[in-house]
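Letter by letter, the chains look like this.
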2 protein chains.
Amino acid sequence: MRTPVMPSTGTFRPLGTEEVRLTGGHWGERQAVNAAATIRHCLHWLEALDWIGNFDRVASGEEPGRPFQRAGREFSDSEVYKLAEAMAWEIGRTGDSGLEEEFQKLTARIGAAQHEDGYLNTAFGNPGQEPRYSNLEWGHELYCAGHLIQAAVARLRNHGEDEFTRIARRVADHVCDTFGPGGIERICGHAEIEVALAELSRATGEPRYLEQARLFIERHGQKTLKENGFYYQDDTAVRDAEVLRGHAVRALYLSSGAVDVAVETGDDDLLEAVRRQWDRTVARRTHLTGGMGSQYADEAFGRDFALSPDRAYAESCAGIAAVMTAWRLTLATGDTRYGDMIERIAWNVLSGAVAPDGRSFFYANPLHQRTADPEPPGGQALSHTLAGGHRAPWFNVSCCPTNLARTFAQFAAYVATTDDGGVQIHQFTPCTIDTVVDGSRLALTVETNYPEEGRVTVRVDANEGGSREITFRVPSWAEDVRLTHPDGSVRRITPGAVTVGRIGEFAPGEEIHLDFSVAPRWTRPDPRVDAVRGCAAVEQGPVVLCAESLDFPGGDLDELTVDTAVPPVLRDGAVHVAARVHDRPDAWPYGPAAPDDDGKAAEIPLLPFRLRATRGPAAMRVWLPAT
Amino acid sequence: MRTPVMPSTGTFRPLGTEEVRLTGGHWGERQAVNAAATIRHCLHWLEALDWIGNFDRVASGEEPGRPFQRAGREFSDSEVYKLAEAMAWEIGRTGDSGLEEEFQKLTARIGAAQHEDGYLNTAFGNPGQEPRYSNLEWGHELYCAGHLIQAAVARLRNHGEDEFTRIARRVADHVCDTFGPGGIERICGHAEIEVALAELSRATGEPRYLEQARLFIERHGQKTLKENGFYYQDDTAVRDAEVLRGHAVRALYLSSGAVDVAVETGDDDLLEAVRRQWDRTVARRTHLTGGMGSQYADEAFGRDFALSPDRAYAESCAGIAAVMTAWRLTLATGDTRYGDMIERIAWNVLSGAVAPDGRSFFYANPLHQRTADPEPPGGQALSHTLAGGHRAPWFNVSCCPTNLARTFAQFAAYVATTDDGGVQIHQFTPCTIDTVVDGSRLALTVETNYPEEGRVTVRVDANEGGSREITFRVPSWAEDVRLTHPDGSVRRITPGAVTVGRIGEFAPGEEIHLDFSVAPRWTRPDPRVDAVRGCAAVEQGPVVLCAESLDFPGGDLDELTVDTAVPPVLRDGAVHVAARVHDRPDAWPYGPAAPDDDGKAAEIPLLPFRLRATRGPAAMRVWLPAT
């Protein structure tokens, strides 16, 4: 089945991209742009910067002791593998023969660099380089191996065994041989191998991969790495930790692997530990956009309620990693709240991280850009610590573009699930679902103009079994929710999961409608979030909106306040809010409470956060000071 | 005259430490602790870490091409020089013969490392090291030379010419020879040589030093350094910049040098440029404590109104550098507002940066410490990027301890000035002032228990001239200000400078009293300061107060709100505020406005910000969310 996560047990079963096909809408569009532009854009950069060329140079067998000039950072192999994964999903989805040819060429170049014993890495262990596994803290060797394995899992499920998957299995066997009991009983400084090996075990049926994944999970917290344990989650055992901490992508890849291991080994204690950490992270360490990893320093989770919008890091890859964890928790527990977070992250962090044309990217996704900074020079790789003002075509540390590419290519797999009773719809997007429930075909068409409109229609195209259930995730923010049955009866619903039973009694062609309000609404922060106290934001459905300085006279966002007593309104296709534009003098900025100036009344248009910085340099803010 | 800044012209003339003597009070106490503990503490660390030993190893003449293992960072020489400066001030103040002996020993060791042509640096230009001036961006050679020269200026004014001052003059001559017209027409990546050469010119009467300082000032903005121009103020000419920016200490040392050059060359345009930058920095880039340099990244000024209390860097050295600039502007312009800022920085940043025992230090001075972190291991040098929770005995980059030591040793020089009419009192501290005004002796005694009490008494001890004026800086926050003349008449005063004329008509022994309220007061931020919107702080006189988690049940500062409708009260020697302690559940922290829980009423004691972190691990905040 063409799906990224396939647990052997759990509340819901995933569907593959051969069962769920996006038929348009925002995610269909994002997937089309990903296919038409992003994947080849990444391939171009990986060639141009010679990060693929590293494999050729290893394969050419340099003289011992003569180091070659390696291109890119020590983890650049992983970008090649993540792109290979994106290509595998895309080939599976469309059968693109040109891409298949590229995939095979890439396979040959990667394979040529593999050592006899399965070891494969262009930064270590080759002539003139530091020895294998001599720097587990920062060397990223197992991290790279993990991404190769994840790509192989994608290939196995989209295509079947081939040279690429054989390369990856040799790598996996080598990792098990080397890091098993009695071997190097340590971990990699960047989690990833855990989730990869667990999934490879699922995809191949080989239990030793799962066991090795379990060992890596359990070794976290045993302080087998030097210093900085907090940064790479080696400070505390996964099952003992209270909250996600340290480097956000590492923490969330590790959580994903921990859920996989917990599910496959029946380790409820470990599963509960990840849920507990997730819940507290969502309550105290997550931005309105779903962005996680609140601080630039160490690309890390900040402390509780340290959620500064202008210093928010909210890395694109952390968004992807959070979706990975949330999806696994959805499948394991059947709790639809995780789908709320996937939706929030997808619409705000992931979609906004890629330009509409698919050729430039945000690495960090702060919620506040203080100044309209000039655009950096085009066409060159930029520092990944670049602030949030502009998307870049590539980065010196360029984990996000390829990660986004693989995620968009597989996005249909996150839309719906099944169980023995029917189908659960987690994300609202135009699509067809054609699957088998309890041995019999069930085919549905989902039509919606969400989130512009709050109606989701499910049409039954075929139901060859008996009584079936369709379950909708009803977002926690949804108001005025109604479910219209095929017989025309209407039920009022409160947010949470809602199930429509006994579809089997209705004929194909009959429809169910889920309706709810997607009117733009004011949102207020928890009073403990210091950095946005006294502010409000506007959301429309799952979409977080923002103000850009281009859209009002003067353009100084520091001088804007909004009136939350007036509901946001839709006009001319855009959400508008009542605001006041101030003109405050400069002086020592602290003193006895003094009445602020009244400012001039204005009405300010907002735009989706994901569309920020697409019209040229602008200051931007999500959280608007309230009068 | 024993004073750090001695302009040849300006509105006010500085007094020396032989004319103003601290006779107790907070600053007398700080100076005593500095003398008794801090100076020798620094000497101990400089020996123990072998940063002084670097001079010995250069002097021993290692074989060319065989690099010796140097201790410390590339700028460690500057710590030795700043300590020498502190010693020079302290010897001048007290005549401490033990310290004089140490000073001479240090002089010999430093001098032994000097090259024939005057060059002196232990990190460059010696056998096996990179050549002189091969890395002006980061090498800090002229920065180190500048601190040597500043120490020599202190020595010249406290002692007179000696071997130390001759070493420094040879360095200064070498710098002028090397960096003058036709030489290396570039700058150092860290400003400091400018202010040092300008003062050496004043101290020696040698005009070429001033001219070289002027050249260095004018070269800023000519982009003679590689990249990062913004960071070291090489992006824009000093006279063209609108605001202080980049690395805060660099920016403020440069500003200090620019004022010196402007004053000595009559360059009003340059002086006005620094005033303009200062004003905008104070209005938009300065914390309530007077802390400057709002961001950890690059130890730099942040953007306008980006003043996050928990991410405030507010480096101790930036506080010192801001005092340096503000003092020069005071002397040049006679505007007492600069004294307000010196007072604010001194009481909150500088005094708090040194532990009461004088043996541990803050490098960064954030206004909010989110968690009560465990104390780091004692007795070892710590990273200077350590957050604000604990003072450390020393740092890997240890600029602050020696910088604080020299500043406290010379503090009396910032208390008062003269002009042809009389004396101006800028800082309120018990002291004696014994000077000459217009050719005749004027001696005063200042008595005060400020800031606990708002009375400053000036007693005339001697007035051998005619009519004289005493001028007080009346702080901008002062309320209910009254001036009581010797004849008992009382005048109501508004903040600003206030002058009492015709002292000469009264007999010695008669007194003037300045009275004002130092009742604790609520302070609100400018509505444009995002990070503290909806908060209030308490100030008492110039002293910023804070809450520590040790002082209330539960100790979770996230759950505290204060009622600003109730004025803070003094009880049992501490300021108390009316508060509510909440107990809020965890959930997705963003949603429609909901009434917050009422919390339980409590009364919370506050303490001066400078005394934070002196009772063990604690969370701390200056800005308190208001109900």
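Analysis parameters
- Residues numbered from 1 in each chain as written.
- Chains lettered and ligands numbered in written order.
- Predicted model: local features only at pLDDT ≥ 70, side-chain atom pairs only at ≥ 80, totals over all residues.
- Heavy atoms only, no water.
- Core = buried A, V, L, I, M, F, W, Y, C linked by side-chain atoms within 4.5 Å.
- Buried < 20%, exposed > 50% of the residue type's maximum accessible area, 1.4 Å probe, protein only.
- Helix = DSSP H or I, 4+ residues; strand = E, 2+ residues; numbered from the N terminus.
- Contact = heavy atoms within 4.5 Å.
- Least-squares fit on C-alpha atoms with pLDDT ≥ 70 in both.
- Pairing = 2+ DSSP bridges.
- Axes fitted to C-alpha atoms, helices over the stretch in contact; angles between N-to-C directions.
- UniProt positions renumbered as here; feature names shortened; annotations may be inferred.
- Expected span 1.5 Å × (residues − 1).
- Arc of directions from axis to C-beta.
- Polar contact = N/O pair within 3.5 Å; in protein donor to acceptor, adjacent residues only side chain to side chain.
- Buried area = accessible area lost by both parts, 1.4 Å probe.
- Salt bridge = Lys/Arg side-chain N within 4 Å of Asp/Glu carboxyl O.
- Nonpolar A, V, L, I, M, F, W, Y, C, P; charged D, E, K, R; others polar.
- Parallel < 35°, antiparallel > 145°, perpendicular 65-115°, else oblique.
- Left-handed = near helix turned anticlockwise from the far one by under 90°.
- Domains from an automatic or database assignment.

1. A closer look at the nonpolar core
Note that soluble globular proteins tend to have their nonpolar side chains buried in a common cluster. By size, the foremost hydrophobic cluster in this structure holds 181 residues, and its most contacted members are W278, I433, F472, L514 and F516 of chain B. At twelve residues, the largest contribution of residues to this core is made by helix α11 (residues 316–333) of chain B. Those residues in contact with F516 of chain B, other than ones at most four positions away along the chain, are F428, Y450, G454, V456, W477, A478, E479, D480, V481 and R482 of chain B. Counting 180 residues, the second largest nonpolar core, distinct from the first, contains W45, I187, V577 and A619 of chain A.

2. Some details on the relation of the copies chain B and chain A
Taken as rigid bodies, chain B and chain A are interconverted by a rotation of 180° and an axial shift of 0.0 Å, the fit giving an RMSD of 0.0 Å. These values place the two chain copies in the arrangement generated by a two-fold rotation axis. Closest approach to the rotation axis among the C-alpha atoms of chain B is made by A531 of chain B, whose C-alpha sits 2.3 Å away.

3. Some remarks on the sheet that holds strand β2 (residues 20–22) of chain B
Residue and element names in this part refer to chain B. Read from one edge to the other, the open sheet built from seven strands follows the order β2-β6-β7-β8-β13-β10-β11, with strand pairing classed as antiparallel. Only two strands of the sheet have a single partner each, and these edge strands are β2 and β11 (490–493). Taken pair by pair, the neighbouring strands of this sheet meet at an average axis angle of 15°, ignoring direction. Examined bridge by bridge, strand β10 (residues 479–484) and strand β13 (residues 511–517) share four bridges and lie antiparallel to one another. Looking across to β13, one finds that E479 is bridged to S517.

4. Looking at the environment of L254 of chain A
All names here are of chain A. Residue position: L254 is located in helix α9 (residues 248–265). Put simply, L254 and F216 are 38 residues apart on the chain and 9.5 Å apart in space, counted from C-alpha to C-alpha. Excluding anything up to four places from it in sequence, L254 contacts A191, E194, I217, H220, Q233 and V238.

5. Re the UniProt feature "domain: Non-reducing end beta-L-arabinofuranosidase-like GH127 middle" (unreviewed entry) in chain A
Residues annotated in UniProt with the feature "domain: Non-reducing end beta-L-arabinofuranosidase-like GH127 middle" (unreviewed entry) correspond here to residues 423–484 of chain A. Secondary structure across residues 423–484 of chain A comprises 0% helix and 65% strand; the distance between its end C-alpha atoms is 17 Å.

6. Remarks on helix α4 (residues 97–111) of chain A
Residue and element names in this part refer to chain A. Under the 1.5 Å per step criterion, the end-to-end length of α4 is 21 Å for 15 residues, consistent within 8% with the ideal 21 Å. Along α4, the positions that sit buried rather than exposed are L99, E100, F103, L106, T107 and I110. Down the axis of α4, the buried set is contained in an arc of 120°. They therefore lie on one face. Away from its buried face, by an angle of more than 90 degrees, α4 presents the exposed residues S97 and E101. In this structure, the buried side of α4 is in contact with α1 (25–48), α2 (53–59), α3 (77–94), α5 (141–158) and α6 (163–179). Two or three places before G98, at the opening of α4, D96 has a side-chain oxygen 3.0 Å from that residue's backbone nitrogen.

7. Thoughts on the side chain of S360 of chain A
All names here are of chain A. By secondary structure assignment, the location of S360 is in the loop between α12 (337–353) and β3 (368–369). Take S360: its relative accessible area is 16%, and that puts it in the buried class. Excluding its chain neighbours within four sequence positions, the residues that come into contact with S360 are A353, V354, A355, R391, A392 and P393.

8. Details of the interface of chain B and chain A
In this complex, chain B contributes 49 residues to the contact, which on the side of chain A involves 50 residues. Taken over both partners, the interface formed by chain B and chain A buries close to 4100 Å², and the fraction arising from carbon and sulfur atoms is 50%. In terms of surface lost to chain A, no three residues of chain B exceed R528, W588 and Y590 of chain B, which account for 19% of the buried area on that side. Seen at the junction of chain B and chain A, the total is twelve salt bridges. Listed by contribution, the elements that provide at least two residues to the side of chain B that touches chain A are α10 (268–284), α12 (337–353), β3 (368–369), β14 (521–525) and β20 (590–591) of chain B. A total of four residues in the side of chain B that touches chain A trace back to one element, the largest contributor, which is β14 of chain B. Taken together, the residues of the side of chain B that touches chain A sort by class into 22 nonpolar, eight polar and 19 charged. Two elements, strand β20 (residues 590–591) of chain A and β14 of chain B, share two bridges in a ladder whose sense is antiparallel. By the bridge assignment for β14 of chain B, Y590 of chain A is matched with P525 of chain B.

9. What to know about unusual backbone geometry
Looking along the chain, the bond that leaves Y450 of chain A and enters P451 of chain A is cis, with omega of 0°. Relative to the helices and strands, P451 of chain A is located in the loop between β7 (440–448) and β8 (455–463). The backbone phi angle of A613 of chain B is positive, close to 60°, even though this residue is not glycine. Tracing the sequence through the fold places A613 of chain B in the loop between β21 (600–608) and β22 (620–621).

10. A look at the pairing of strand β13 (residues 511–517) of chain A
Residue and element names in this part refer to chain A. Counting buried positions along β13 yields five of seven residues, so the element is predominantly enclosed. Pairing of β8 with β13 involves five bridges; the strand directions are antiparallel. Across the sheet, R455 pairs through a bridge with D515, a residue of β13.

11. Concerning the packing of α1 of chain A against α4 of chain A
Residue and element names in this part refer to chain A. One can describe the packing of α1 onto α4 by two numbers: an axis separation of 13 Å at closest approach and a directional angle of 30°. Our classification of the angle between α1 and α4 gives roughly parallel. Here α1 runs over α4; the crossing is left-handed. Residues I39, R40, L43 and E47 of α1 touch α4, and the partners they reach there are G98, L99, E102 and R109. Counted by class, the contact of α1 with α4 contains three nonpolar, one polar and four charged residues.

12. Focus on the environment of V575 of chain A
Residue and element names in this part refer to chain A. In this structure, V575 sits in strand β19 (residues 574–581). Relative accessible area serves as the criterion here: at 4%, V575 is assigned to the buried category. Between the C-alpha atom of V575 and that of I604, which follows or precedes it by 29 residues, the distance is 8.4 Å.

13. Focus: the pattern of salt bridges
One pass over the full model with this rule turns up 122 salt bridges over all chains. D530 of chain A is paired through a salt bridge with R621 of chain B; the nearest N and O atoms lie 2.7 Å apart. Here R621 of chain B lies in strand β22 and D530 of chain A lies in the loop between β14 (521–525) and β15 (535–540), a pairing that spans two chains. You'll find D530 of chain A and R621 of chain B in the same group, each marked buried. Between D461 of chain B and R459 of chain B there is a salt bridge, with the nearest N and O atoms lying 3.5 Å from each other. According to the relative accessible area criterion, D461 of chain B is partly exposed, its value standing at 34%.

14. Some remarks on the domain arrangement of chain A
Residues and elements named next belong to chain A. Per the domain assignment, the segments of chain A are domain 1 (13–365 + 390–414), domain 2 (416–517) and domain 3 (523–625). Placing the centre of domain 1 and that of domain 3 at their C-alpha centroids yields a distance of 36 Å. Summing the contributions of domain 1 and of domain 3, the shared interface buries around 1700 Å²; its carbon and sulfur component is 66%. The largest share of the area that domain 1 buries against domain 3 comes from L288, F305 and N348, three residues that together contribute 35% of it. On inspection of domain 1 and its partner domain 3, the count reaches one salt bridge. We note a salt bridge from R344 to E539, for which the minimum N-O separation is 2.7 Å.

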